[in-house]
Amino acid sequence: MYVITGATGRTGSAVANYLLDKGQQVRVIGRNPERLQPFVNKGAEAFVSEPGDATRLMKAFAGAKAVYVMLQPNYIVTSSDFRAYQNRIINALIPALAQAKCRNVVSLSSWGADKEEGTGSVVGLHLLEQRLNQIEGLNVLHLRAGYFMENLLSQIHSILIHNAARGPFLPDVHFPMISTRDIGQIAGEALLKGNHQAQQIRELHGSCDLSMTEAARLIGKAIGKPDLGYIQTTEETARNEMRSQGFSEHVIDLVLETARALNTKHIRMLEQRSSENTAMTSFNAFLNEVFIPQYEKESQAL
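Structural notes, computed from the coordinates.

1. Some words on the overall build of the chain
- Of regular secondary structure, the chain possesses eleven helices and twelve strands.
- At 19 Å, the chain has a C-alpha radius of gyration in line with the 19 Å of a compact globule built from 302 residues.
- Based on the C-alpha atoms only, the size of the chain along its principal axes is roughly 55 × 40 × 35 Å.
- Here the chain, with 302 residues, has 51% of them falling under the buried criterion.
- Partitioning the contacts of the chain with sequence separation of at least 6, the portion at a separation of at least 24 is 76%.
- Element-wise, carbon and sulfur atoms account for 48% of the exposed surface of the chain, whose accessible area totals about 14,000 Å².
- Treating the 30 positive side-chain charges of the chain as one cloud and the 30 negative ones as another, the clouds have centres 5 Å apart.

In structure tokens form, the structure reads like this:
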């Protein structure tokens, strides 16, 4: 039995579907039974639990051959203490894994998780790695993924309103762009192989490195806006825009801290790109299969 936390999220769903397509027994964990139903339709066992419920998680992990572990990757935009929320989930996961005597875990981490501070919410993933490493007898593989291509979906609103991609990132800093589909496949393969030992780290670069300027140009070409550009906003502008969208000041501070860490390369890949750490999905495939359909949907909604 393979157990998947965050099964209704982008990477969790990709892991679950990969394993189900391989004919494996899968238990999917989520808050909402209706959102778990598509996995049940494919043969999975649904397990409803809050991510911070250690007692429920211990039951969910019982009998697991391996577990896919993750923290919520996106902010709770109204949170007044998102790091405390991350800590609550970690403090539920760790004893649940230990008491269930699970021996194999693949964890979703992030580039920058090697740093103890100054990376915004990525600090929570640093702590997750450290706490998992302390479980006696646990074999854990930490997947330090680069920049999710899907993060660029947040640019659709800006493109429709401002006719430009915008953000607090420097225009020429390169990001290792990776599809969450690839993360799910790599995690699924690692769960099946189960041949990692003790504590291991694997960086995932994705198929390409792109700056925001380069990404905007490719997006523009794909959606029929060949002159689309990227505009770096000031932190004050970014703060005001996030505030207007309902973000708490605390979460805004975390977002801007992450942006500064990326701009200064405090968050960076530690390994050179190689065949072992390069994923398959091209940026053009992501645009055609994910970005353009979402762009068209939001365009029609205006």
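2. A closer look at unusual backbone geometry
- A positive phi angle is found at lysine 101, which is not glycine, with a value near 55°.
- Structurally, lysine 101 is set in the loop between α4 (82-99) and β5 (104-110).

3. A look at the sheet that holds strand β11 (residues 208-211)
- In spatial order, the strands read β7-β9-β11; together these three strands make up an open sheet with mixed pairing. Where the open sheet ends on each side, the last strands, each with one partner, are β7 (147-148) and β11.
- Two strands pair when backbone bridges link them, and strand β9 (residues 174-178) and β11 are joined in this way by four bridges, in the antiparallel orientation. If you follow phenylalanine 175 over to β11, its bridge partner there is leucine 210.

4. Quick look at the packing of aromatic side chains
- Across all of its chains, the model carries nine aromatic pairs by this definition.
- Note on phenylalanine 283 and phenylalanine 286: the rings are 5.9 Å apart at their centroids and 40° apart in plane angle, and the pair reads as tilted. With phenylalanine 283 and phenylalanine 286 both in helix α11 (residues 283-301), this residue pair falls three residues apart, about one helical turn. There is no split in this pair, since phenylalanine 283 and phenylalanine 286 are both buried.
- Among the aromatic side chains, those forming a connected cluster through ring pairs are Trp111, Tyr147, Phe169 and Phe175.

5. Describing the packing of helix α8 (residues 212-223) against α11
- Running from N to C, α8 and α11 point in directions that differ by 65°, and their axes come no closer than 10 Å. The handedness of the crossing between α8 and α11 is right-handed. Between α8, through Ala215, Leu218, Ile219, Ala222 and Ile223, and α11, the contact on the second element is made entirely by Phe283, Leu287, Phe291, Ile292 and Tyr295.
- A per-class count over the contact of α8 with α11 returns ten nonpolar, no polar and no charged.

6. Some words on the pairing of strand β4 (residues 66-69)
- Of the two faces of β4, the one carrying Ala66 and Tyr68 and the one carrying Val67 and Val69 are both buried.
- Pairing of strand β1 (residues 2-4) with β4, which is carried by three bridges, proceeds in the parallel orientation. Pairing of tyrosine 2 across the sheet is with alanine 66, part of β4.
- Strand direction decides the pairing type here: β4 and β5, joined by three bridges, are parallel. The residue bridging valine 69 from the neighbouring strand is serine 107, located in β5.

7. Some words on the pattern of salt bridges
- Within this structure, the stated rule accounts for twelve salt bridges.
- Between glutamate 45 and arginine 27 there is a salt bridge, and its shortest N-O distance comes to 2.9 Å. Pair noted here: glutamate 45 is in strand β3 (residues 45-48) and arginine 27 is in strand β2 (residues 26-30), with a separation of 18 residues, a long-range link.
- The exposure class of glutamate 45 is partly exposed, given its relative accessible area of 34%.
- With a relative accessible area of 11%, arginine 27 lands in the buried category.
- For arginine 181, the salt bridge is made with glutamate 289, and the minimal N-O distance between the two is 2.8 Å. Here the residue arginine 181 occupies a position in helix α7 (residues 180-193), and glutamate 289 occupies one in helix α11, the gap between them amounting to 108 residues.
- In the salt-bridge network here, residues are joined through shared partners; they are Arg239, Arg243, Glu249 and Asp253.

Conventions used here
- Residues numbered from 1 in each chain as written.
- Predicted model: local features only at pLDDT ≥ 70, side-chain atom pairs only at ≥ 80, totals over all residues.
- Heavy atoms only, no water.
- Helix = DSSP H or I, 4+ residues; strand = E, 2+ residues; numbered from the N terminus.
- Rg over C-alpha atoms; globule rule 2.2 N^0.38 Å.
- Buried < 20%, exposed > 50% of the residue type's maximum accessible area, 1.4 Å probe, protein only.
- Contact = heavy atoms within 4.5 Å.
- Areas by Shrake-Rupley, 256 points an atom, 1.4 Å probe, with all protein chains shown as cover.
- Lys, Arg positive; Asp, Glu negative; His and termini not counted.
- Charge placed at Lys NZ, Arg CZ, Asp CG, Glu CD.
- Pairing = 2+ DSSP bridges.
- Phe/Tyr/Trp six-rings, centres within 6.5 Å; stacked < 30°, edge-to-face > 60°.
- Axes fitted to C-alpha atoms, helices over the stretch in contact; angles between N-to-C directions.
- Left-handed = near helix turned anticlockwise from the far one by under 90°.
- Nonpolar A, V, L, I, M, F, W, Y, C, P; charged D, E, K, R; others polar.
- Salt bridge = Lys/Arg side-chain N within 4 Å of Asp/Glu carboxyl O.

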